[in-house]
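Spelled out, the chains give:
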Amino acid sequence: MTTTLTLRRPDDWHLHLRDGAMLRGVVAHSARDFARAIIMPNLVPPVVTGDDAAAYRARIAASLPQGADFTPLMTLYLTEGTDADDVARAHAAGIVRAVKLYPAGATTNSASGVRDFARVQGVLERMADIGLPLLVHGEVTDPDIDIFDRESVFIDRVLAPLRARVPGLRVVMEHVTTREAVDYVRGGGPDLAATITTHHLIINRNAILAGGIRPHYYCLPVAKRETHRLALVEAATSGDPAFFLGTDSAPHADAAKLSPCGCAGIFSAPVTMPCLAHVFEDAGALDRLEAFACLNGPAFYRLPPNDTTITLEKGDPWAPPAMIETGAGPVTVLDPGFPLRWRVTS
Ligand code: DOR
Ligand code: ZN
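Structure report, in brief. The structure presented is a predicted model; accordingly, all values stated were derived computationally and were not measured. (Residues numbered from 1 in each chain as written. Chains lettered and ligands numbered in written order. Predicted model: local features only at pLDDT ≥ 70, side-chain atom pairs only at ≥ 80, totals over all residues. Heavy atoms only, no water.)

1. A short note on the sheet that holds strand β3 (residues 36-39)
Paired through backbone hydrogen bonds, the strands of a sheet run either parallel or antiparallel to each other. What counts here: A pair of strands is treated as paired once DSSP finds two or more bridges between them. Secondary structure elements follow DSSP: runs of H or I no shorter than four residues count as helices, runs of E no shorter than two count as strands, and numbering proceeds from the N terminus. Inter-axis angles, ranging from 0 to 180 degrees, are taken between N-to-C directions of lines fitted to C-alpha atoms, where helices are fitted over the stretch in contact.
Read from one edge to the other, the open sheet built from 8 strands follows the order β2-β3-β4-β5-β6-β7-β8-β9, with strand pairing classed as parallel. Only two strands of the sheet have a single neighbouring strand rather than two, namely β2 (11-15) and β9 (243-245). Within this sheet the neighbouring strands show an average axis-to-axis angle of 30°, counted without direction. With 3 bridges joining them, strand β8 (residues 192-196) and β9 adopt parallel strand pairing.

2. Here we look at the packing of helix α5 (residues 150-165) against helix α6 (residues 179-186)
Note the cut-off: The scheme is simple: roughly parallel for angles under 35 degrees, roughly antiparallel for over 145, roughly perpendicular for 65 to 115, oblique for anything else. Should the near helix be turned counterclockwise from the far one by less than a right angle, the crossing is left-handed, whereas a clockwise turn marks it as right-handed. For this analysis, residues touch if any pair of their heavy atoms sits within 4.5 Å. Under the convention adopted here, Pro, Cys and the residues Ala, Val, Leu, Ile, Met, Phe, Trp and Tyr are nonpolar, Asp, Glu, Lys and Arg are charged, and Gly plus all remaining residues are polar.
Closest axis-to-axis distance for the α5/α6 pair is 9 Å, and the angle between their directions is 25°. Considered as vectors, α5 and α6 are oriented roughly parallel to each other. Both α5 and α6 take part in a crossing whose hand is right-handed. The segment α5 lies against α6, with Glu151, Ser152, Ile155, Leu159, Ala160 and Arg163 engaging Glu180, Ala181 and Tyr184. Residues of the contact of α5 with α6, tallied by class, amount to 5 nonpolar, 1 polar and 3 charged.

3. Quick look at the coordination of the zinc ion (ligand 2)
We apply this condition: Any N, O or S atom lying within 2.8 Å of the metal counts as a donor, and for Na, K and Ca the limit rises to 3.2 Å; water is left out, so some sites can look incomplete. Each residue is placed in one exposure class: buried if its accessible area under a 1.4 Å probe, protein chains only, is under 20% of its type's maximum, exposed if it is over 50%, and partly exposed if it falls in between.
All of the protein donors around the zinc ion (ligand 2) are His14 (NE2), His16 (NE2) and Asp248 (OD); their distances to the metal are 2.1 Å. Ordering the donors of the zinc ion (ligand 2) by residue number gives the pattern H-x1-H-x231-D. Residue classification places His14 among the buried positions, given a relative accessible area of 1%. Overall, His16 belongs to the buried group, its relative accessible area being 7%.

4. Re unusual backbone geometry
Val44 connects to Pro45 through a cis peptide bond whose omega is -5°. For Pro45, the location among the structural elements is in the loop between β3 and α2 (50-63). In this model, Asp248 sits at a positive phi of 55°, which is unusual for a non-glycine residue. Tracing the sequence through the fold places Asp248 in the loop between β9 and α9 (254-257).

5. Description of helix α11 (residues 289-301)
Inclusion rule: Expected span, for any helix, means 1.5 Å times one less than how many residues it has. For a residue, the bend is simply the angle between two axes, fitted respectively to the seven-residue segment ending there and the seven-residue segment starting there.
Between its terminal C-alpha atoms α11 stretches 18 Å, which fits the 18 Å expected from 13 residues at 1.5 Å a residue. By the largest-angle criterion, Leu295 marks the main kink of α11, which is about 45°, and a proline, Pro298, follows within four residues. Counting buried positions along α11 yields 10 of 13 residues, so the element is predominantly enclosed. Listed as buried for α11 are Leu289, Ala291, Phe292, Ala293, Cys294, Asn296, Gly297, Pro298, Phe300 and Tyr301.

6. Structural notes on the site of ligand 1
Inclusion rule: We call a residue near a molecule or strand as soon as one heavy atom of that residue lies within 4 Å of the molecule or strand. Any N or O atom pair separated by 3.5 Å or less is treated as a polar contact, with the protein-specific requirement of one donor-capable and one acceptor-capable atom, and with residues adjacent in sequence counted only for side-chain atom pairs. Accessible surface is estimated by sampling points in the Shrake-Rupley manner with a 1.4 Å probe; for residues, cover comes only from the protein chains shown.
Close to ligand 1 lie 13 residues; Arg18, Asn42, Leu220, His252 and Ala264 are nearest. Take Asn42: an N or O atom from its side chain is 2.8 Å from an oxygen atom of ligand 1. Here His137 contributes a side-chain N or O atom positioned 3.3 Å from an oxygen atom of ligand 1. A total of 290 Å² of accessible area belongs to ligand 1 in isolation, and the protein chains cover 99% of it. A per-class count over the shell around ligand 1 returns 4 nonpolar, 7 polar and 2 charged.

7. Brief notes about the sheet that holds strand β1 (residues 4-8)
Pairing within the open sheet is antiparallel, and its 3 strands lie in the order β1-β10-β13. One side of each edge strand has no neighbouring strand; the edge strands of this open sheet are β1 and β13 (340-344). Direction aside, neighbouring strands of the sheet carry axes that sit 30° apart on average. Sheet topology places β1 next to strand β10 (residues 309-318); 5 bridges connect them, and they run antiparallel. Of the residues in β10, the one forming a bridge with Arg8 is Thr309. Lying over the sheet, helix α10 (residues 272-282) contacts β1, β10 and β13, oriented at roughly 130° with respect to β13.

8. Notes on the side chain of Arg36
Mapped onto the fold, Arg36 is located in strand β3. Using a relative accessible area of 9% as the deciding quantity, one classes Arg36 as buried. A distance of 2.8 Å separates polar atoms of two side chains, one belonging to Arg36 and the other to Asp11. The contacts of Arg36, once residues within four sequence positions are left out, are Pro10, Asp11, Asp12, Phe70, Thr71, Leu73, Pro298, Leu303, Pro304, Pro305 and Asn306.

Set out below in structure tokens:
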């Protein structure tokens, strides 16, 4: 029986760190286990220019604990006004690693997102030229489409046509939640990949609604049926390089979650690695955790894997903190619903 697991240090290819007091409260929880993270740009106001990204990167660096070994990889928020030259300059200067597409209205702070894709065609073509990945929040926003179908409809109506209009564009479908998305990414060739979150590997939609409304399991894209969760576990544990970890750890103060219109987002950074070890062990795939969390992401982003390591040990069940305190209020930590036996020891 495996009881110790040493991996290259993992990276988180989809992370929300927020800003100000929340940033200062949460960043250490990612920096402890992860070497690098792709930082989402959906601040208020969003991170839209290279200068915005450089300034945000500096605020993150200033919020890190002394001696932390953590590199934030910055992204820009694509708007209909995004300037292709600014994007190319920020990329050439090593400031940004990707551009994020939020369809307007799809999720938290997405009001500045894209409504008319014709207006971003030039930016997307430039990104294809320079090899800069587009990270896609893959949900249609049409209120006539059932919320559980918004991802699969997005593939047919938006993503497939967009990729056909911009050949060579490198795309990451973020936080996939459906079997349809897994199948689409599997057949998509080397320019297409997907991140999978911690929580979508663990919960299905029952977690949100069975026995009462449980806002701490509400996120976007919303968790789907069990058959879809199983497809995600299969993809993550398969070793297929098209799939890698993006936690989508998305802290909101509990007051904003526990409201008549609670925010979408699950804060998983403190427990992701123990949760993943549990999921991969259950699937008989502990030997593929390193591919998913540490190797496939850097390969897609054309970066070397980390040369430092992380060690997890399996022992008696332990209880992670139910919440952390931040200057922006308490934030509840993902409760995976099973006892955690793995923990990060070094
Ligand atoms: O659950 C989510 N929370 N999904 C998103 O797409 C955004 C994120 C957030 O920023 O809170
Ligand atoms: Zn996100």
